[in-house]
Amino acid sequence: MSPALPAFRTPPGPGRKGRSPSLRPTVMMSSKARQSSHDPPPSGTGGGSEGSARGSSCRATRGIGMVLWILWRPFGFSRRLLKPGSHSITESKSLIPLAWTSLTQTLSEAPGILLLGQRKIFSTMPEIETHERDSELFSPPSDVRGMTKLDRTAFKKTVSIPVLKVRKEVVSKLMRSLKRAALQRPGVKRVIEDPEDKESRLIMLDPYKMFTHDSFEEAELSVLEQLNVSPQISEYNLELTYENFKSEEILRAVLPEGQDVTSGFSRVGHIAHLNLRDHQLPFKHLIGQVMIDKNPGITSAVNKINNIDNMYRNFQMEVLSGEQNMMTKVRENNYTYEFDFSKVYWNPRLSTEHSRITELLKPGDVLFDVFAGVGPFAIPVAKKNCTVFANDLNPESHKWLLHNCKLNKVDQNVKIFNLDGKDFLQGPIKEELMQLLSLSKERKPSVHIVMNLPAKAIEFLSAFKTLLDEQPCSSELLPIVHCYSFSKDANPTEDVRQRAGAVLGISLEACSSVHLVRNVAPNKEMLCITFQIPAAVLYKNQTRNPENCEDPPLKRQRTAEAFSDEKTQIASNT
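Residues numbered from 1 in each chain as written. Predicted model: local features only at pLDDT ≥ 70, side-chain atom pairs only at ≥ 80, totals over all residues. Heavy atoms only, no water.

Participant: Before we move on, can you summarise the overall build of the chain with the specific residues and values?
Facilitator: Across its full length, the chain carries 14 helices and 21 strands. Within the chain, residue pairs in contact and separated by at least 24 positions form 68% of the contacts whose partners lie at least 6 positions apart. Entry remark: accessible area of the chain is about 28300 Å², with carbon and sulfur atoms responsible for 49%. (Helix = DSSP H or I, 4+ residues; strand = E, 2+ residues; numbered from the N terminus. Contact = heavy atoms within 4.5 Å. Areas by Shrake-Rupley, 256 points an atom, 1.4 Å probe, with all protein chains shown as cover.)

Now the structure itself:
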């Protein structure tokens, strides 16, 4: 995409008096080859009708003008574009061939300027990046830099936009064909009344796509011709306000130049949850208000002010802007959850992981959710007609887990506990496993244990060591564990596998799979290791081989090395 260049305006002449300064016919030039698809200038004078000669003359003039505008510092010129007022552009047919020849000879010798093909279109390298061009035109005024208290009135700015004048009765038909060319800006009407003609309308065009009438594609020109609309592009002065800028554009203009801009957040119902960096804290209240203004449905913006390192898995937060109410309702995978966000753990970025685990279970299976939170694993699994045992130490999570099970009508399939994770493993889980594993092979369900406490879950694996003292069952019926962990290691897969194996006292190299859940921060990954608990670990008085698992290995995933998002697959011995 080529940079937007200042317009060559035609000088005032007869018939132009009294025109509004906001709407001026103009020839808008670009260095991009597609927008410069004119015939080469004539090699001599004469030939053809007067109209044809005049057309060739105008095209040549525009071509020369374009060349003057694309000179860059790498070629020995200033990076500033040359001002049109400092060059005399004439339409004299006798001067055009000479000027064109002189320019082409000079510029063809400059490094980086190429003549492309037979059409002699000029191109330069490198071009301005899209975001740099955006910052020049669609960016707030420079005097908002450093603002810490939001002043919406300070964001007014006037920009020149290309427009197409059309009769009002053809607007609806034409707009369907000009979706590509029309301007797309927040709060800006693409069609406005012509201030000089009440029977006409002006269609706002994208200034980075539309330069001259040649910028229209063939299909668009065909529609214009059918509707008897001239492709002549004019210029309109558009006033932009705070409502017309995107949140990222506002924050980039306000924050210190070169600093990271926060434009993303986690949405939890009506709450925008941000994790601001130190350099953004002086602007935190402004950032919070911008997030509310620019995201419909968001009425509160909060910032996390400490890590999730307490036993209840919640964190302290500061309300940056908006209402103080943290009671919220969210929808995830067609289930509804209600809770007080300030007192429980909820991460909307785990939606895909919740679905992945849910899909592994079949009706009749059993799930033990050791750190259940408000129920994002337990409720979808229970809805599949599975039996669920869900636990959380946080009294608030326990309360909302009960509430959400009733809300989603799965309370008959879920047994809820308020225990420490280790006590849950060595109490209810132990008792249920003894009963489940004593059933006949035909009646035994598949058993899954989810341990979603990434900061500490691996430590809880020690509770499985010699948990049962009955005779070992068939290995195919042993429980399958899904244990989550963070890793900052250069090889996070092997790091998680080795740490889990060290706690269990046995190698998991050949009998586990590791799934990348998400990137939490630079050089910090969240992963899930899945394995069947070896009988040598689970049962007392069993000979343990620390070098390898005694049980058939899980089918290895490519996620263990390539971190794909494939489902964890459990190998079957049947």
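Following the structure, the description resumes.
Participant: Break down the sheet that holds strand E18 (residues 447-451) for me, with residues and values.
Facilitator: Strand order in this open sheet of seven strands is E17-E16-E15-E18-E19-E21-E20, and the pairing throughout is mixed. Sheet topology places strand E17 (414-417) and strand E20 (512-521) at the edges, where each strand pairs with a single neighbour. Across the sheet, the mean angle from the axis of one strand to that of its neighbour is 15°, orientation sign disregarded. The pairing of strand E19 (residues 480-487) with strand E21 (residues 524-532) spans eight bridges and is antiparallel. Bridging from a neighbouring strand, Phe 486 pairs with Met 526 of E21. The sheet strands contacting helix H10 (residues 395-407) are strand E16 (387-391) and E17, and the helix crosses E17 at an angle near 165°. (Pairing = 2+ DSSP bridges. Axes fitted to C-alpha atoms, helices over the stretch in contact; angles between N-to-C directions.)

Participant: Help me get a handle on the state of the cysteines, residues and values and all.
Facilitator: Under the definition given, this model contains zero disulfides. In this structure Cys 528 is not part of a disulfide, and its nearest cysteine sulfur, from Cys 483, lies 7.5 Å away. For Cys 528, a relative accessible area of 0% puts it in the buried group. (Disulfide = S-S within 2.5 Å. Buried < 20%, exposed > 50% of the residue type's maximum accessible area, 1.4 Å probe, protein only.)

Participant: Tell me about the environment of Thr 530, residues and numbers included.
Facilitator: Turning to its location among the elements, Thr 530 is positioned in strand E21. With a relative accessible area of 0%, Thr 530 lands in the buried category. Sequence-wise, Thr 530 and Ser 512 are 18 residues apart; in three dimensions their C-alpha atoms are separated by 5.5 Å. Within the structure, Thr 530 has its side chain in polar contact with the side chain of His 482 (distance 3.1 Å). (Polar contact = N/O pair within 3.5 Å; in protein donor to acceptor, adjacent residues only side chain to side chain.)

Participant: Please set out a positive patch on the surface residue by residue, giving values where relevant.
Facilitator: On the surface, Lys 173, Arg 176, Lys 179 and Arg 190 cluster together into a patch of positive charge. For Lys 179, a relative accessible area of 59% corresponds to the exposed category. (Patch = residues over 30% accessible without salt bridge, like charges linked within 9 Å, V, L, I, M, F, W, Y side chains within 5 Å. Salt bridge = Lys/Arg side-chain N within 4 Å of Asp/Glu carboxyl O. Lys, Arg positive; Asp, Glu negative; His and termini not counted. Charge placed at Lys NZ, Arg CZ, Asp CG, Glu CD.)

Participant: Before we move on, could you go through the nonpolar core and cite the residues and values that matter?
Facilitator: One finds Phe 368, Ile 449, Met 451, Leu 461, Phe 464 and Val 481 to be the most contacted residues of the largest nonpolar core, which totals 42 residues. Counting residues per element, this core draws most heavily on helix H11 (residues 421-436), which supplies five residues. With residues up to four places along the chain from it excluded, the contact list for Ile 449 reads Phe 368, Val 370, Ile 429, Phe 464, Pro 479, Ile 480, Val 481, His 482 and Ile 533. (Core = buried A, V, L, I, M, F, W, Y, C linked by side-chain atoms within 4.5 Å.)

Participant: Go over the sheet that holds strand E9 (residues 266-268), please, and point to the residues and values.
Facilitator: Pairing is mixed across the open sheet formed by four strands, whose spatial order is E9-E10-E11-E12. The sheet is open, and its two edges are formed by E9 and strand E12 (317-322), each paired on a single side. Adjacent strand axes in the sheet meet at a mean angle of 30° when their direction is disregarded. In this structure, strand E10 (residues 271-274) lies alongside strand E11 (residues 300-304), joined through four bridges in parallel fashion. Note that in E11 the partner of Ile 271 across the bridge is Ser 300. Of the strands in this sheet, E10, E11 and E12 are in contact with helix H7 (residues 284-294), which crosses E12 at around 60°.

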